[in-house]
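Fold and geometry: a report
Spelled out, the chains give:
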Amino acid sequence: MKYRRLGRSGLQVSEIALGSWLTHENAAQAASAAEAIRKAYELGVNYFDTANMYAGGEAERIMGRALSGYARDTYVLGTKVYFDMGQGANQRGLSRKHIMEQCEASLRRLDVEYIDLYYCHRYDEHTPLDETLRAMDDLVTQGKVLYVGISEWREGEIAESAALAERLKLDPIVVNQPEYNMFTRRIEPGIVPLCERLGIGQAVFSPLAHGVLSGKYRKGEAIPQESRAANPEHNHWIVSQGLLSERRLDQVERLSGIAGELGITLVQLALAWNLRMPNVSCCIVGATRPEQVAQNVSASGIGLPEDALKEIENILSE
């Protein structure tokens, strides 16, 4: 496993991180989640990512129990705050009240004394930005949070928050968690250059385009029954982004050919493509089985030759 610095910070995270979105939803998945986490830890994964709203807090509980057998200083734990955690008027967003209360709730569910990376899960246009940044800074001062992060903020929001934090001398944002993969590249034009200047690293999620870049979906073949695309509760992102369109599946087939020529799998190709960018600190993957973890981890350290990168770009631009 290779490790990279997270933005301007001194924190080192594994190039492949393990997430819990849609994979740690209930008690029935707890055993498989623990096996996946154990395998990841054994293979050198040191960053484990979750959020308070995943499965209404159950994902945090499952991850906390699975990690409880490991020394706390050997892994990095990230979670998030923003989305609804109840029906009350103050049970969502990035107000000081919600941030403080949800940090305490996450600490209890994870059964830890501190959170390494605490993300503002979305931007809250209804709360003054200085209120949000001061609350996060206070959590750092209290030792409950070590580093501040954001997820899916727009370029202008990131720039404004960085300027405000500097002016108020607040703890800086060091990590952004956006969706990024071969088919979703909206961070490239503005956000990545801005974050490079500000010292903010990218911890990207959905690097395999919701599993489409694993090669499990093929043109002319039925959707695998156990896949995310076959689950009506989880396939919204796949359908809404047109990831199973004939064009996308044609591209996947051609990308598989490039992977074969390089002697690697399509999964390795897709993850290595994400990691080609220095500003990408890690790829957060989801896995329900140890063998999936092993395949994802095997992408760490793979460099793609320039001619392959050019061919990939040609395929993606068509």
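Structure: see above.
This section reports on the structure supplied with the text. Please read these numbers as outputs of a predicted model, since none were measured by experiment.

**Quick look at a negative patch on the surface**
A cluster of acidic residues, Glu261, Glu306, Asp307 and Glu311, forms a negative patch at the surface. Looking at which element gives the most residues to the negative patch, the answer is helix 11 (residues 306–316), with three residues. Inspection of the secondary structure puts Glu306 in helix 11. A relative accessible area of 56% places Glu306 in the exposed class.

**Brief notes about the pattern of salt bridges**
According to the stated counting rule, one finds 18 salt bridges in the structure shown. Here Glu104 and Lys144 are joined by a salt bridge, their closest N and O atoms 2.3 Å apart. You can see Glu104 sitting in helix 3 (residues 96–110) and its partner Lys144 sitting in the loop between helix 4 (129–141) and strand 7 (145–150), a full 40 residues away along the chain. Salt-bridge contacts for Arg276 lead to Glu188; the nearest nitrogen and oxygen are separated by 3.2 Å. Linking Arg276 in the loop between helix 9 (266–275) and strand 10 (280–285) with Glu188 in the loop between strand 8 (173–176) and helix 6 (191–198), this pair joins segments that are 88 residues apart in sequence. Assessed through its relative accessible area of 30%, Arg276 is described here as partly exposed. The structure contains a network of salt bridges with shared partners spanning Arg185, Glu188, Arg276 and Glu313.

**Let's talk about the side chain of Ser151**
Among the secondary structure elements, Ser151 is positioned in the loop between strand 7 and helix 5 (155–168). With relative accessibility at 1%, the residue Ser151 sits in the buried group. Polar contacts involving the side chain of Ser151 include one to the main-chain carbonyl oxygen of Gln177, which spans 2.7 Å. Sequence-distant contacts of Ser151, that is, excluding residues within four places in its chain, are made with Cys120, His121, Arg122, Asn176, Gln177 and Phe205.

**Points about the environment of Lys97**
Within the fold, Lys97 resides in helix 3. We classify Lys97 as partly exposed; its relative accessible area is 43%. Separated by 153 residues in the primary sequence, Lys97 and Asp250 have C-alpha atoms spaced 49 Å apart.

Parameters at a glance
Residues numbered from 1 in each chain as written. Predicted model: local features only at pLDDT ≥ 70, side-chain atom pairs only at ≥ 80, totals over all residues. Heavy atoms only, no water. Patch = residues over 30% accessible without salt bridge, like charges linked within 9 Å, V, L, I, M, F, W, Y side chains within 5 Å. Areas by Shrake-Rupley, 256 points an atom, 1.4 Å probe, with all protein chains shown as cover. Salt bridge = Lys/Arg side-chain N within 4 Å of Asp/Glu carboxyl O. Lys, Arg positive; Asp, Glu negative; His and termini not counted. Charge placed at Lys NZ, Arg CZ, Asp CG, Glu CD. Helix = DSSP H or I, 4+ residues; strand = E, 2+ residues; numbered from the N terminus. Buried < 20%, exposed > 50% of the residue type's maximum accessible area, 1.4 Å probe, protein only. Polar contact = N/O pair within 3.5 Å; in protein donor to acceptor, adjacent residues only side chain to side chain. Contact = heavy atoms within 4.5 Å.

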